[in-house]
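Each chain is listed here by its residues.
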Amino acid sequence: DSGVTQTPKHLITATGQRVTLRCSPRSGDLSVYWYQQSLDQGLQFLIQYYNGEERAKGNILERFSAQQFPDLHSELNLSSLELGDSALYFCASSVGQGASETQYFGPGTRLLVL
Amino acid sequence: AQSVTQPDIHITVSEGASLELRCNYSYGATPYLFWYVQSPGQGLQLLLKYFSGDTLVQGIKGFEAEFKRSQSSFNLRKPSVHWSDAAEYFCAVGSNSGYALNFGKGTSLLVTP
């Protein structure tokens, strides 16, 4: 158990819908990262927040957005969902914000868009 | 930009045999290198990491990795594989100018009796 929690574990929805994925980082960690894992693209970095502020953006679609709240939990919002958005979404957390920081991963949320 | 290549998509080894998983990176300066393992239905667990210093890094579960700058490699090794090692293994690289990790496509390890 990494100490990072993600809810829900599974999510099934339809195309065009909107969903929210939630992540609670390890106690004391200020950075939260979101990654998408799919069969064709592998593990791709989406976005990072540090202490409530956006720090880095990766291959995140405009239909996706995220935020980190004052209690440091984070939410990833996915809208106008398409079939291709079906994937495993991981949240990771670290104490600091640099790439040298060890990132601890949650168990993931598996999203299926029908 | 930094990138990671894991040449082997699948590897099968017998229980008790030695293991080496290959990882090649592309990056101008000394990178931060990581190996993660993902068991079915689980998140990623850090096995080991390299930032600087001794090029042979020891990790958890009996794994080690060696950083070879001349070959741009960071191969993962284990002298004797256990059935519980069957999983997906990911090599990742980070840079001191960025925040996120770039992951390889992963190597799926199958352990046979």
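The numbering scheme is per chain: residues are counted from 1 as the chain's sequence reads. Both sets of labels track the order of writing: A upward for chains, 1 upward for ligands. The predicted nature of this model means local features are confined to residues of pLDDT at least 70 and side-chain atom pairs, given and counted, to a pLDDT of 80 or more, with totals for whole chains, interfaces and linings taken over all residues. By convention in this description, side-chain values take in all heavy atoms of the structure and omit both hydrogens and water.

Enquirer: I'd like a rundown of the pattern of salt bridges, residues and numbers included.
Expert: Think of a salt bridge as a Lys or Arg side-chain nitrogen and an Asp or Glu carboxyl oxygen that are within 4 Å of each other. Enumeration over the complete set of coordinates arrives at nine salt bridges over all chains. Across the pair Asp8 of chain B and Arg22 of chain B runs a salt bridge whose closest N-O atoms are separated by 2.9 Å. Residue Asp8 of chain B is located in the loop between β1 (3–5) and β2 (10–14), and its partner Arg22 of chain B is located in the loop between β3 (19–21) and β4 (24–26); the two are separated by 14 residues in the primary sequence. Residue Asp85 of chain B pairs with Lys78 of chain B through a salt bridge whose shortest N-O separation is 2.8 Å. On the accessibility criterion, Lys78 of chain B (10% relative accessible area) is buried. A network of salt bridges, in which partner residues are shared, links Arg63, Glu82 and Asp85 of chain A. Note on conventions: DSSP H or I runs of at least 4 residues are helices, E runs of at least 2 residues are strands, and numbering of each starts at the N terminus. For the exposure calls, accessible area comes from a 1.4 Å probe over protein chains only, and a residue counts as buried if that area is under 20% of its type's maximum, exposed if over 50%, partly exposed in between.

Enquirer: So what's going on with the side chain of Asn77 of chain A? Which residues, and what values?
Expert: All names here are of chain A. Note on placement: Asn77 falls in strand β8 (residues 74–78). Exposure remark for Asn77: the relative accessible area of 7% places this residue in the buried category. Engagement of the side chain of Asn77 in a polar contact is seen with the side chain of Thr20, the distance being 2.8 Å. Any two residues whose heavy atoms approach within 4.5 Å at even a single point are treated as in contact. For Asn77, the contacting residues outside a window of four places in its chain are Arg18, Val19, Thr20, Arg63, Phe64, Ser65 and Gln67. By the criterion applied in these results, polar contacts are pairs of N or O atoms within 3.5 Å in which, for protein atoms, one can donate a hydrogen and the other can accept it, and in which residues neighboring in sequence qualify only through two side-chain atoms.

Enquirer: Give a description of the nonpolar core that names residues and reports values.
Expert: Grouping buried Ala, Val, Leu, Ile, Met, Phe, Trp, Tyr and Cys residues that are joined through side-chain atoms within 4.5 Å yields what is termed a nonpolar core. One finds Leu19, Trp35, Leu47, Leu48, Phe74, Leu76 and Tyr89 of chain B to be the most contacted residues of the largest nonpolar core, which totals 26 residues. Residues within four places of Tyr89 of chain B in sequence aside, it is in contact with Gln6, Leu21, Trp35, Tyr36, Val37, Leu47, Phe63, Leu76, Gly106, Thr107 and Leu109 of chain B.

Enquirer: Outline unusual backbone geometry, supporting the account with residue identities and numerical values.
Expert: The linkage connecting Thr7 of chain A with the following residue, Pro8 of chain A, adopts the cis geometry, with an omega of -10 degrees. Within the fold, Pro8 of chain A resides in the loop between β1 (5–7) and β2 (10–13). Non-glycine residue Asn51 of chain A carries a positive phi angle of around 50 degrees. Mapping Asn51 of chain A onto the fold places it in the loop between β5 (42–50) and β6 (53–57). Classification of Asn51 of chain A by relative accessible area gives partly exposed; the value is 48%. Residues other than glycine seldom take positive phi values, yet Lys61 of chain B does so here, at roughly 60 degrees. Following the sequence through the fold, Lys61 of chain B ends up in the loop between β7 (56–58) and β8 (64–68).

In short, the description is geometric, and any link to function would need to be established separately.
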